Every structure is written in C-alpha cells, then in structure tokens.
Amino acid sequence: MRIGYIVGSLSATSMNRQLADALGTLIPESCEFVEVEIGHLPLYNRDADADYPQVALDFKEKVASLDAVIFVTPEYSRSIPAALKNGLEWGARPWGTSVWAGKPAAVIGRSPGGPGTAMAQQHLRNILAHLDMPAMGQPEAFIQYHEGAIAEDGTIESDELRSILEGFMGSFLAFAGLNEDEAAA
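Quick caveat: nothing in here was measured; it's all calculated off a predicted structure.

## Considerations on unusual backbone geometry
Only a minority of non-glycine residues have a phi that is not negative, and only a minority of peptide bonds are not trans.
Here is step 1: Each neighbour pair has its own omega, and for Arg93 with Pro94 the value is -15°, a cis peptide bond.
Here is step 2: Examined against the element boundaries, Pro94 turns out to sit in the loop between helix H3 (82-92) and strand S4 (105-111).
Here is step 3: With an omega dihedral of 0°, the bond running from Gln138 to Pro139 counts as a cis peptide bond.
Here is step 4: Inspection of the secondary structure assignment puts Pro139 in the loop between helix H4 (118-130) and strand S5 (142-144).
Here is step 5: Look at Asp132: it is not a glycine, yet its phi comes out positive at around 65°.
Here is step 6: Mapped onto the secondary structure, Asp132 falls in the loop between H4 and S5.

## A word on the packing of aromatic side chains
Aromatic ring pairs are described here by two measures, namely the spacing of the ring centres and the angle between the planes.
Here is step 1: Taken as a whole and assessed by the stated rule, the structure comprises six aromatic pairs.
Here is step 2: Aromatic side chains Phe59 and Trp100 sit 6.2 Å apart centroid to centroid with 65° between the ring planes, which places their arrangement in the edge-to-face category. Placement of the pair is Phe59 in helix H2 (residues 54-64) and Trp100 in the loop between H3 and S4, with a sequence separation of 41 residues. For the residue pair Phe59 and Trp100, the accessibility class agrees, reading buried in each case.
Here is step 3: Joined through ring pairs, the aromatic side chains of Tyr44, Tyr52 and Trp90 make up one cluster.

## Side note on the pattern of salt bridges
Here is step 1: Here the structure, examined in full by the defined rule, presents six salt bridges.
Here is step 2: As a salt-bridge pair, Glu166 and Arg162 come within 3.5 Å of each other at their nearest N and O atoms. Highlighted residues: Glu166 and Arg162, both in helix H5 (residues 159-175), separated by four residues, approximately one helical turn.
Here is step 3: Look at the salt bridges and you will find they share partners, linking Lys85, Glu89 and Arg93 into a network.

## Digging into H4
Here is step 1: Its 13 residues give H4 an end-to-end C-alpha distance of 19 Å, which sits within 8% of 18 Å, the value for a rise of 1.5 Å per residue.
Here is step 2: Considered for burial, the residues of H4 that qualify are Ala120, Gln121, Leu124, Arg125, Ile127 and Leu128. Along the axis of H4, the buried positions cluster into a sector of 165°, meaning they face one direction only. Turned more than 90 degrees away from the buried face of H4 sit Ala129 and His130, all of them exposed.
Here is step 3: Considering only its buried residues, H4 is in contact with strand S3 (68-72), H3, S4 and S5.
Here is step 4: At the C-terminal side of H4, Asp132 shows a positive phi close to 65°.

## Examining the packing of H3 against H4
Here is step 1: One can describe the packing of H3 onto H4 by two numbers: an axis separation of 12 Å at closest approach and a directional angle of 5°. As far as their axial angle goes, H4 and H3 are roughly parallel. Counting all contacts with H3, which are made through Leu84, Lys85 and Leu88, the residues of H4 involved are Leu124, Ile127 and Leu128.
Here is step 2: Partitioning the contact of H3 with H4 into residue classes produces five nonpolar, no polar and one charged.

What counts as what
Residues numbered from 1 in each chain as written. Predicted model: local features only at pLDDT ≥ 70, side-chain atom pairs only at ≥ 80, totals over all residues. Heavy atoms only, no water. Helix = DSSP H or I, 4+ residues; strand = E, 2+ residues; numbered from the N terminus. Phe/Tyr/Trp six-rings, centres within 6.5 Å; stacked < 30°, edge-to-face > 60°. Buried < 20%, exposed > 50% of the residue type's maximum accessible area, 1.4 Å probe, protein only. Salt bridge = Lys/Arg side-chain N within 4 Å of Asp/Glu carboxyl O. Expected span 1.5 Å × (residues − 1). Arc of directions from axis to C-beta. Contact = heavy atoms within 4.5 Å. Axes fitted to C-alpha atoms, helices over the stretch in contact; angles between N-to-C directions. Parallel < 35°, antiparallel > 145°, perpendicular 65-115°, else oblique. Nonpolar A, V, L, I, M, F, W, Y, C, P; charged D, E, K, R; others polar.

Have a look at this one:
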C-alpha cells in the first residue's frame, strides 16, 4: 500500500513536518510512506487548464499512484494554509480529471495552542467532502506542541503522544483498507 502525506506548511522546520516524520515511524514495512510536495506548484489559474504545466501533471500523477492520503496541516488564520488549498485545486482540475475522488484520507495537525488545528481540520474536511474523498471521522487528532515530544528525526519521545499517534495510524490503516496481516508485516 502506498500512503501519501501532504504537509500543509511550506516551512522546512514546521512542527507539522516533524509530526509527519513521526507518523512515518508508525507505518508498517508493508507500506510505503510518500511525501507529496506542494511547495513547487504555481498558484492555480484555470487558464492553465488548456495547457497544464508539467509540474502540475507530475503532482497529479504522484497523487494518482497513492492508495490513501494523510493531510498534516497547521492552522493559518483559522483555516488551512493557502499552499494546501492550492495543491488541492491543482489535483482537482480541470473539471472531470480529479485525482482525489474516492481516495481515503485522514486529517491531523499540530499547533502550539490548546485547540490544536481544529478549525483548519474542519475546513479541510469540508473541502475533502466536496472532492469526494472519504475522510476518516474518528479518531480526531488535534496535537498540541510540547517541547521534546518529537525529536528532530521524527522519533516519538512522549509515551502519551505515541499512544495517540499509534491509535490514529492504526485506525487510518484499517480505514484505508490495510488488513491486519499486512499491518503486522
């Protein structure tokens, strides 16, 4: 199974990139965990639909090759980052050629504040519903940043956080269709 992940932040030092790295440590060996980069995409403009840029075609091809997608997003101004919305638009256009439809998805995010990324996640779920992506409803994961919970290399240092992330990933793998035998491999 190929599971893609998209980090909503473009920052190389993003706490959500660190969270994605941590999730990658919980993927069974039978799965491939693949980043789908969004930072190289130009701003979507429907005028490009007539002559889609190669970078957007490559992006769509990578998404199409995935079995499922995890969105790891920060919250910017009570919503999702513009770069993430832009990537979603490129994948959905031109009309009738969306690579998102039917692809199982999960949403998670990390922020310094207590509510985590609850508003961004809700907005993203609304967009995913429109794109016809079945999104895992439970467990939700609004991860509050705590110094030392995740090491720079993605190692999960906090037992409490490890338990939350293991539950999240286990549920998502089952939601995405990975059977127990594959998950144990």
